[in-house]
Each structure stands twice: as structure tokens, then as C-alpha cells.
Amino acid sequence: QLQIVESGGGLVQPGGSLRLSCEASGFTLDYYAIYWFRQAPGKEREGVSCITTGGRRANYADSVKGRFTISRDNAKNTVYLQMNSLKPEDTAVYYCAAQHAKYYCSVLESGYESDYWGQGTQVTVSS
């Protein structure tokens, strides 16, 4: 089955950390640019981070720069989003999306061109 699955969400206190995973099944994730989006209740989906095909470049939303890091582990066919110094405003459902053979990515992209979407994982930052 061709799919991607997010995991790693949960409840964390402000200032804490979480590591989200986006794991692919049935295809090689390294051939795809990966985008992380998030959507909070009542708000539009926004781009958080992306990494290009082959992992040569990564981009981040201004709101998460210096706190979040996107990376690939090709042996596990997985892309991670390490989230540090979490803030309550980071609370959202986080989604990953994959687009084949894309060597530039921007967090301003909608993701509608993506080939695969995950089901989302909830991140809640609260005391």
C-alpha cells in the first residue's frame, strides 16, 4: 500500500520537545520532497517546514526557525520533524505530504500538488 503515516505527537509542556515522524510505505521517500503542515482548530493550514528530494535543502516558517529541524533517515524511509522549545501556539494537527522529484520547496506552498498525504498527528503544548 502506498501511503505515509505521521506519528510522534502528544501532549508536552511549553519549552518541551517532540519528534514527529513521517514514514513512507510502498515507495522511497528520498525521491520526494516532504512538507510538514499544521492546522489548528478554526485556522487555515500553514506550512511549517519542507525538505527537498534528496534532502539537499530545507526551509522553515519564520515562526519555527531555530526551534524546529527537519531531517531524513533514508534507512528507515522516514522524515523527522524535531520540535524544540515548543510554545502553546504550536498546538495543531501536524501533517506530512510528499511530492515526487521536487528540488525546491517552500513553506508557502499549499501542498495540493503533493502525491501523498498523511493522516495527521496531534501536538498539544500546554501546562
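Residues numbered from 1 in each chain as written. Predicted model: local features only at pLDDT ≥ 70, side-chain atom pairs only at ≥ 80, totals over all residues. Heavy atoms only, no water.

Caption draft 1: Structural detail: the nonpolar core. Ile4, Ile34, Trp36, Phe68, Leu81, Met83 and Tyr94 are the most contacted members of the largest nonpolar core, which totals 31 residues. The set of elements that each furnish at least two residues to this core consists of strand E3 (18-25), strand E4 (32-39), strand E5 (46-51), strand E7 (68-73), strand E8 (78-83), strand E9 (92-100) and strand E11 (121-125). Among all residues touching Ile4, those that are not within four sequence positions of it are Cys22, Glu23, Ala24, Phe27, Leu29, Cys96, Ala97, Ala98, Tyr116, Trp117, Gly118 and Gln119. Listed in part, the six residues of the second largest apolar core include Ala33, Tyr35, Cys50 and Ala97. (Core = buried A, V, L, I, M, F, W, Y, C linked by side-chain atoms within 4.5 Å. Buried < 20%, exposed > 50% of the residue type's maximum accessible area, 1.4 Å probe, protein only. Helix = DSSP H or I, 4+ residues; strand = E, 2+ residues; numbered from the N terminus. Contact = heavy atoms within 4.5 Å.)

Caption draft 2: Just the packing of aromatic side chains, in detail. Here the structure, examined in full by the defined rule, presents six aromatic pairs. Taking the centre distance of 4.4 Å and the plane angle of 15° together, the rings of Phe27 and Tyr116 count as stacked. With Phe27 in the loop between E3 and E4 and Tyr116 in strand E10 (residues 116-117), this residue pair connects regions lying 89 residues apart in the sequence. Residue classification places Phe27 among the buried positions, given a relative accessible area of 10%. For Tyr116, a relative accessible area of 18% translates into the label buried. With a centroid separation of 6.4 Å and 70° between ring planes, the pair formed by Tyr95 and Trp117 is classed as edge-to-face. In this pair, Tyr95 sits in strand E9 while Trp117 sits in strand E10, placing the two residues 22 residues apart along the sequence. Relative accessible area serves as the criterion here: at 30%, Trp117 is assigned to the partly exposed category. (Phe/Tyr/Trp six-rings, centres within 6.5 Å; stacked < 30°, edge-to-face > 60°.)

Caption draft 3: A look at the sheet that holds E3. Judged by pairing direction, the sheet is antiparallel, and its four strands sit side by side in the order E1-E3-E8-E7 without closing on themselves. At either margin of the open sheet sits one strand with a lone partner, and together these are strand E1 (3-7) and E7. Looking at each pair of strands side by side, their axes are set apart by 15° on average, direction ignored. Pairing between E7 and E8: six bridges, direction antiparallel. (Pairing = 2+ DSSP bridges. Axes fitted to C-alpha atoms, helices over the stretch in contact; angles between N-to-C directions.)

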